[in-house]
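Structural overview for review
Single-letter residue listing:
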Amino acid sequence: MFRKIGIEALKQVTKRYARKQNRWVKNRFLSRPGPIVPPVYGLEVSDVSKWEESVLEPALEIVQSFIQGRKPTATPIKMPYNEAENKRSYHLCDLCDRIIIGDREWAAHIKSKSHLNQLKKRRRLDSDAVNTIESQSVSPDHNKEPKEKGSPGQNDQELKCSV
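Residues numbered from 1 in each chain as written. Predicted model: local features only at pLDDT ≥ 70, side-chain atom pairs only at ≥ 80, totals over all residues. Heavy atoms only, no water.

You'll find the protein chain entered in an unreviewed UniProt entry as TRIT1 isoform 1, with Pan troglodytes given as the organism.

Printed below as a string of structure tokens:
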């Protein structure tokens, strides 16, 4: 019984890990093609009975061709992209203090965790500053003029009593 539960849990975790890897490869290599991005090859892995001929052999051929310095027979995966997109555009992110070159890179930066965290931090600081200013301007003691009574020591005693 525990063995079946363990096997099912392992299958579930493995599928989740594979989806996470595919998403990472897609976001890292396919969404932002460039000169330093290596070619990515897709292999058919849905039928386990044909694993050797549909996965192992093509993968070994691709690796061997790279080792030997020749082009593999398999074609790499290409993501469609807009040709009108400006690859040389210059964007300055004041929030993150970064320079981003290219429209696609800029769009990726705007959605990135680091940028969104900086944005959240800035909004929190701005709202705290607004709240501080509002609390100072609405304070009931703000419009009253300070009263001077007696000696400076007497004012200190009044403060201690009010606290």
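A word on the overall build of the protein chain. The secondary structure content of the protein chain amounts to five helices and two strands. Counting from the amino terminus, helix and strand elements in the protein chain follow one another as α-α-β-β-α-α-α. Residues classed as buried in the protein chain amount to 12% of the 163 residues present. Total accessible area computed for the protein chain in this model is approximately 14,400 Å², and 56% of it derives from carbon and sulfur atoms. (Helix = DSSP H or I, 4+ residues; strand = E, 2+ residues; numbered from the N terminus. Buried < 20%, exposed > 50% of the residue type's maximum accessible area, 1.4 Å probe, protein only. Areas by Shrake-Rupley, 256 points an atom, 1.4 Å probe, with all protein chains shown as cover.)

Considered as a void within the structure, the largest pocket measures approximately 700 Å³ in volume. Within the residue set of the lining of the largest pocket, elements represented by two or more residues are helix 1 (2–30) and helix 2 (51–68). Per-element tally for the lining of the largest pocket: the top contributor is helix 1, with six residues. (1 Å grid on protein atoms, 1.4 Å probe; cavity = no way out; pocket = protein on both sides within 12 Å on 5 of 7 lines; lining within 4 Å. Points joined across faces, edges and corners; volume = space filled by probe spheres on them.)

Counting through the fold element by element, Phe29 comes out in helix 1. It is 8.1 Å that separates the C-alpha atoms of Phe29 and Pro39, two residues lying ten residues apart in sequence. Ignoring any residue separated from it by four or fewer positions in sequence, one finds Phe29 in contact with Trp24, Val37, Pro38 and Val40. (Contact = heavy atoms within 4.5 Å.)

On to the confidence of the model for the protein chain. Reading predicted coordinates in detail is not appropriate for stretches of low pLDDT. Scored by pLDDT, the protein chain has a mean of 80; 76% of the residues are at 70 or more. Within the protein chain, the element-level pLDDT minimum falls on helix 5 (residues 152–162), averaging 51, and the maximum on helix 2, averaging 92. Counted against residues more than four places away or in other chains, residues 159–163, with its pLDDT under 50, gives zero contacts. (pLDDT = per-residue confidence, 0-100.)

Let us now look at the environment of Ser46. In this fold, Ser46 is placed in the loop between helix 1 and helix 2. Exposure remark for Ser46: the relative accessible area of 60% places this residue in the exposed category. Here the side chain of Ser46 touches Glu44 through a polar contact of 2.2 Å, side chain to side chain. (Polar contact = N/O pair within 3.5 Å; in protein donor to acceptor, adjacent residues only side chain to side chain.)

Our focus in this paragraph is the pattern of salt bridges. Enumeration over the complete set of coordinates arrives at two salt bridges. The salt bridge involving Arg70 is made with Glu61; its shortest N-O contact spans 3.5 Å. Arg70 gets classed as partly exposed once you look at its relative accessible area, which sits at 39%. (Salt bridge = Lys/Arg side-chain N within 4 Å of Asp/Glu carboxyl O.)

This paragraph deals with unusual backbone geometry. Although it is not a glycine, Asp97 sits at a positive phi angle of roughly 60°. Within the element layout of this structure, Asp97 appears in the loop between strand 1 (90–93) and strand 2 (98–101). Owing to a relative accessible area of 67%, Asp97 belongs among the exposed residues under this scheme.

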